[in-house]
Every structure is written in C-alpha cells, then in structure tokens.
Amino acid sequence: MASSLPSSTAIKRNLPSENLNENQPKRNHWSAGLSTALDDEGARVHKDELCTVIKDKYPKARIHLLVMPNEYIANLKSINNTHLPLLKHMLKVGKEVAEKIAAKANARGSFAHFRYGYHAIPSMSLLHMHVISQDFISDSLKTKKHWNSFTSDYFLDASQVIDDLQANGSIHVDTTRMHKLLDNELQCHRCSNKFTTMPKLKQHLLTHTS
Ligand code: AMP
Ligand code: ZN
C-alpha cells in the first residue's frame, strides 16, 4: 500500500520508555501522552506499517481522531520533503477511517463532514493530524482556545501542509500571529454569528445539527 518510510535524521525508532531518544519528552511527562497512547491497543482504531489512528481522549466533536506516525517525529518543525509520502499516507488513512466510522454511525450533515489538519503550535509531542467532525458537539470543548484552535487559521489543513512542504521543503509557522488567533472573538464556523461565551456558542451549534 504505502511507500516505505523516508530515511531522515528527524525520524528515530519509537523506542521503549527506558530508551527514548534525547529529543523525546520523558514518557511520564504529560506532553508524551500520545507516545503512550500509540502503544495502547485499546485506544487504537487503525494501524498499518506507517501510522496509527487513535480516538482523541478529550474529543472536541462527535468524531475526533488523531493520526500519528509510528516512528517518533516531534512536530511539523521536524519535517522536510522526505516526509511527504508519510504525510500523504496519514491524510489518506485519516479520510478512510473517518468515512468508515461516519458510515457505521449513520452520521449526516456536520457529523459526517470532517476537517483534517494540524495545530500550528501543538501542545502534545509526537506529530499528530487531527480528524474532526464539524459538529463540535462535545463536553470536552470548553474554552475559547479550544474553539479557535479548530476553527481559525491556527488549524493548518493537512492538504495545505503537504502543498507547502512540497513547495518550500519545510513548514513555517508565524507563532506571534498564531497565538493571537487563539484570542479571536467567538464566531460560528457555519454562519459567522458571534457569541460572548462558550455556552452560548455551544447552544447555537445545536441549531446546525438538524
Ligand atoms: P494539540 O497538541 O493541541 O494538537 O492537541 C493534542 C490533542 O491530544 C488534544 O486534542 C487532546 O485532547 C489529545 N490528547 C491529550 N492526551 C491524550 C491521550 N493520552 N490520548 C489521546 N488523546 C490525547
Ligand atoms: Zn451558526
């Protein structure tokens, strides 16, 4: 199916906890939670020779998955164009798994419409692509930062990341601009109505689910 992993010094084998590479956070640090989840068969919804898909532990929508490489890559800053086959594979797999889950759940409308992408400044170590249904109906969606991280330009579309990598050989993130985006006023991603609080926005989101 997919091509073999590109060889790169940015990629190291995903080693057991006692033998982590020096750039990897310690397994007991919260930011290493995804590396632990990668090895947790219970959390897994798909695994192949290149990537693993898990359910997000704190989903921000009805369907929220994370697609991660099996080999340790810290984040988008660590990648170059040798990783293009891997990123393309992750996007393809993310789409296939999301569509399968949506079909099984008989999902319709925003529940069956997905976006695929990366947070410009991730909190968790280990590269992960979000697959997120566009209903945003979830108890774990609590803060303005959560909302803006998935609905503003802070959410980097996976296909755009691939195009940028192909064009430039690396991914540039304007961190100052990105931090500001998280403070954007709350605005519905579907109709652009503005809201003063998250509960009001979340109440409004229900009107888009029928
Ligand atoms: P970010 O680093 O901002 O792109 O997002 C990290 C994502 O990982 C968030 O959506 C969290 O809900 C999710 N998350 C955090 N810890 C875990 C875990 N142990 N297993 C699965 N998902 C997690
Ligand atoms: Zn709306």
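Residues numbered from 1 in each chain as written. Chains lettered and ligands numbered in written order. Predicted model: local features only at pLDDT ≥ 70, side-chain atom pairs only at ≥ 80, totals over all residues. Heavy atoms only, no water.

Going by the annotation in an unreviewed UniProt entry, the name recorded for the chain is Aprataxin, with Rotaria sordida given as the source organism. UniProt lists a comment for the chain under the heading Subcellular location (unreviewed entry), and it reads "Nucleus". (UniProt positions renumbered as here; feature names shortened; annotations may be inferred.)

Section: the coordination of the zinc ion (ligand 2)
For the zinc ion (ligand 2), the protein coordination sphere consists of Cys188 (SG), Cys191 (SG), His204 (NE2) and His208 (NE2), at 2.0 to 2.3 Å. Geometry at the zinc ion (ligand 2) is tetrahedral, judged from the four donor atoms that bind it and their angles of 102 to 121 degrees at the metal. Of note, the donors binding the zinc ion (ligand 2) are all from one chain and are spaced C-x2-C-x12-H-x3-H. A residue pair is termed long-range when its members are at least 10 positions apart, and cysteine 191 in the loop between strand E7 (186-187) and strand E8 (194-195) and histidine 208 in the segment after helix H6 (198-205) qualify at 17 residues. (Donors = N, O, S within 2.8 Å, 3.2 Å for Na, K, Ca; no water. Tetrahedral: all angles 85-135°; square planar, octahedral: opposite > 155°, others 65-115°. Helix = DSSP H or I, 4+ residues; strand = E, 2+ residues; numbered from the N terminus.)

Considerations on empty space enclosed by the protein
The final tally for this structure, using the stated rule, is one cavity of 30 Å³ or more. Of the residues in the lining of the largest cavity, the class split is five nonpolar, three polar and no charged. (1 Å grid on protein atoms, 1.4 Å probe; cavity = no way out; pocket = protein on both sides within 12 Å on 5 of 7 lines; lining within 4 Å. Points joined across faces, edges and corners; volume = space filled by probe spheres on them. Nonpolar A, V, L, I, M, F, W, Y, C, P; charged D, E, K, R; others polar.)

Here's the deal with the sheet that holds strand E4 (residues 114-119)
Pairing is antiparallel across the open sheet formed by six strands, whose spatial order is E1-E2-E3-E5-E4-E6. Strands at the two margins of the open sheet, each flanked by one partner only, are strand E1 (44-47) and strand E6 (155-157). Each strand axis lies, on average, 30 degrees off the axis of its neighbour in the sheet, ignoring direction. Sheet topology note: the E4/strand E5 (residues 129-133) ladder contains four bridges and is antiparallel. If you follow phenylalanine 114 over to E5, its bridge partner there is serine 133. (Pairing = 2+ DSSP bridges. Axes fitted to C-alpha atoms, helices over the stretch in contact; angles between N-to-C directions.)

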